Structures are given as structure tokens and as C-alpha cells.
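Coordinate inspection notes
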Amino acid sequence: MSVLIFIDTADGHVKKASLEALTYGAKVAEQLGTTAEGVVLGAAGDDLASLGKYGVKKIHHANNDALNAFDAQVYTKVLAQVAETSGAKVIVFSNNVNGKAIAPRLSARLKAGLVSGAVALPDTGNGFTVKKNVFSGKAFANIAVSSDIKIIALNPNAYQVIAGEGNAEVVAFNATVDAPKVKVTGVKKASGEVPLTEAEVVVSAGRGMKGPEHWGIVEDLAKTLHAALACSRPVADAHWRPHHEHVGQTGVAIAPNLYIAIGISGAIQHLAGVNRSKVIVVINKDPEAPFFKAADYGIVGDAFEVVPKMTEAIKKLKGIA
Ligand SMILES: Cc1cc2nc3c(=O)[nH]c(=O)nc-3n(C[C@H](O)[C@H](O)[C@H](O)COP(=O)(O)OP(=O)(O)OC[C@H]3O[C@@H](n4cnc5c(N)ncnc54)[C@H](O)[C@@H]3O)c2cc1C
């Protein structure tokens, strides 16, 4: 019996969301009086043994060329083999894009109960109950899982990464890998940007900016805060900004520590993707804008005056000329 954590990588580097899953999985193992083990598929550029500082004792590494490109079906089959070998009774994923693609497949394959979107450690006092977000973060549900094997997909940014000390034993895993059914013909990467789903700080703007030519002040603020850029849906639909920046119900769901919304009204469909942010700051010239009801801090004012002043003040605070 063990707790197995899927360690998601990008270009061989462990994603921050996986560090959260590792810390969380190690804590679950402690609760259950067992050990935590990790699994990495494909080539790894990071020192895997050092992941022991997040509480895992062992890392299974299936370093097979066929696993270098993500394929949910192939990954699921390999993870099922690792789960069987390690005798995993709890399997932890980050509820990120890859986690969302694999966890339900693995759940069906292993006949394991799945809680996706978990936000807290399981209650193991009487059974096994996991708290998760429902209705786009408007409410919580406590899900009791009674299957022999349990799968938890942890919401990004819902659990703090804690690094201690120690190294993990890295064991090569000789997996039977199917030929991929999906062929990746090309990858187009956005460079020099903070990835939206991993960002601690997000600066987002909406139709209140009037047009794409005014985004300079938004970008300036984002750069000063080392933040990722986001936008409301109409902005992406109008091609003012690229679609990968669109957040909300039909866009990317995020949970940064700080979300700054500029000239965004705060429609329910927008809030659905951002209301898990820890602190929300709203800048809007309309004091009646619905977003103020969800805000921790609000500035009623014209974005074209407020945003440059804010950037200037932050630069001064940071000692940037
Ligand atoms: C099925 C469905 C799914 C949807 N999914 C999404 C989604 O995923 N994400 C999303 O964002 N929307 C989504 N929408 C659209 C959503 O309902 C809203 O229409 C949209 O969020 C509004 O975008 P906005 O706030 O940028 O624009 P607006 O509603 O036009 O608001 C602009 C705001 O800017 C303020 N403003 C104007 N000028 C200034 C200024 N100079 N300074 C400061 N403030 C100013 C205004 O007071 C106003 O509050 C969806 C809608 C539907 C029906």
C-alpha cells in the first residue's frame, strides 16, 4: 500500500502544480501511515532524487522515448502498471490540463473512485472523504470515496508547497508502452511569458480598455509584477488578445494569489474562472460594476489614469527606475 503521485513535467521540468501534488500526497501518506511515491513519465531534465524534499520516498521513472510527447491513453496505461507495481491505494494528480485528461481514464481502468477539483486533505477519521469545489467554485462538496483504490485530482494553488529535506530513491520503471494513437506534428510555444495556469499574479483586462492599442499600460503593470496576462472573453473574441489569455467559464480557470481585473464588469461567466483567486483587485470606473462584490480591494476610477499610476508606485516600491 502506498500513495502514488503523478509528477507532470513540461520540457522535462517538474511543474509547480506537481510540487503541490507531491506535498499533498506526502501528507495523505502520513495520514494513512504509509509512504508516498512519485512517478515521472518520459525524459526528465530535473534532479528527480531531490524531489524527496517534498516527502516522497521513491520515484518510479519510466524513461521511454514514446512517453516524451503527452498522450493521455498511453500515459494512462503506463500509470496503471506503476500503480499496480507500487500497490497504490491512493493516486494523486494535479487537476491541471494533463491531470484532467488522465485521472478519469485511470479511474475507469482501475475502478477507482475519483474526486476531481479537491481543495483540502482527505478526512480519514471515518472512511475517506475529500472536499472539492462545485458549481464553478461557488460551493463545496464533501465526497466520500469507498472504492479500494482512490484517485484525487488536486486543484492547482489549493495546497501550499512545503519543501523539507531528503532525497528520494529513483527507480527505473520498465513499462510496456503502446504505440501512441496521437501524433504531435508540431508545438508552437509562447516564449518569455509567465504561463497563466502557473502564475502567482495575473493582470487581466476587459472591454473597458477600448481597443488592443491600449494594452501597453496593462502589459507594463504585468511586467512590473512579473505577472501573467489574461483577458475577458469578448476581448479574445474580438482578437484584441490571443485566445489562450481568455479566462472564465469557457476559458482557462485560474487560482492565482493575486488577480487584478481592469475594465472587466465581473459577469458570472468571467467570475467562474477566477473566483478561486486568493486576493482580487478590481479597477473599474463604474462603482456599480458587479465585480466589486467579489473584490477584496476595489478602485473606482478610469483605468487609463489608475493603471499607469499604480505601475509607477509599484516600480518605486521595488526600486525599479
Ligand atoms: C455561455 C457564455 C459563456 C461565457 N464565458 C465567458 C468567459 O469564459 N469569460 C468571460 O470573460 N466572459 C464570458 N462570457 C461573457 C460574459 O457574459 C460577459 O459578457 C463578459 O465577461 C464581459 O466582458 P467585459 O467585462 O470585458 O466587458 P463589458 O461587460 O463590456 O464590461 C466592461 C467594463 O469596463 C468598465 N470600463 C469601461 N471603461 C472603463 C475605463 N476607462 N476604466 C475602467 N473601467 C472601465 C465598464 O464599467 C464595464 O464594467 C460568457 C457568456 C456566455 C453567454
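Everything that follows concerns the structure shown earlier in this document.
Model, not experiment: these values are computed from the prediction.

Taken together, 26 residues lie around the ligand, and Lys210, Ser232, Thr250, Ser265 and Gln269 are the ones closest in. One of the backbone N or O atoms of Gly208 is found 3.5 Å from a nitrogen atom in the ligand. Within the side chain of Lys210, a nitrogen or oxygen atom sits 2.8 Å from a nitrogen atom of the ligand. Residue assignment for the shell around the ligand shows that the elements contributing at least two residues are helix H5 (233-237), helix H6 (268-274) and helix H8 (303-318). Residues of the shell around the ligand, tallied by class, amount to six nonpolar, 14 polar and six charged.

It is worth spelling out the layout of surface pockets at this point. Computed from the structure, the second largest pocket encloses a volume of approximately 450 Å³. Surrounding the second largest pocket, 26 residues form its lining, Arg207, Gly208, Gly263, Ile264 and Ser265 being those nearest its centre. Listed by contribution, the elements that provide at least two residues to the lining of the second largest pocket are H5, H6, strand S15 (279-284) and H8. Counted by class, the lining of the second largest pocket contains seven nonpolar, 14 polar and five charged residues.

This brings us to the packing of aromatic side chains. In total, this model carries six aromatic pairs according to the counting rule given. Both rings, one in Phe6 and one in Phe93, keep their centres 5.6 Å apart while their planes meet at 45°; by these two values the pair is tilted. Separated by 87 residues along the polypeptide, Phe6 in strand S1 (residues 2-6) and Phe93 in strand S6 (residues 88-94) bring together distant segments of the chain. Both residues of the pair, Phe6 and Phe93, belong to the buried class. Between the aromatic rings of Tyr259 and Phe291, the centroid separation amounts to 6.4 Å while the plane-to-plane angle is 40°, which identifies the pairing as tilted. Placement of the pair is Tyr259 in strand S14 (residues 258-262) and Phe291 in helix H7 (residues 291-294), with a sequence separation of 32 residues. What makes Tyr259 buried here is its relative accessible area of 0%.

Parameters at a glance
- Residues numbered from 1 in each chain as written.
- Predicted model: local features only at pLDDT ≥ 70, side-chain atom pairs only at ≥ 80, totals over all residues.
- Heavy atoms only, no water.
- Near = heavy atom within 4 Å.
- Polar contact = N/O pair within 3.5 Å; in protein donor to acceptor, adjacent residues only side chain to side chain.
- Helix = DSSP H or I, 4+ residues; strand = E, 2+ residues; numbered from the N terminus.
- Nonpolar A, V, L, I, M, F, W, Y, C, P; charged D, E, K, R; others polar.
- 1 Å grid on protein atoms, 1.4 Å probe; cavity = no way out; pocket = protein on both sides within 12 Å on 5 of 7 lines; lining within 4 Å.
- Points joined across faces, edges and corners; volume = space filled by probe spheres on them.
- Phe/Tyr/Trp six-rings, centres within 6.5 Å; stacked < 30°, edge-to-face > 60°.
- Buried < 20%, exposed > 50% of the residue type's maximum accessible area, 1.4 Å probe, protein only.

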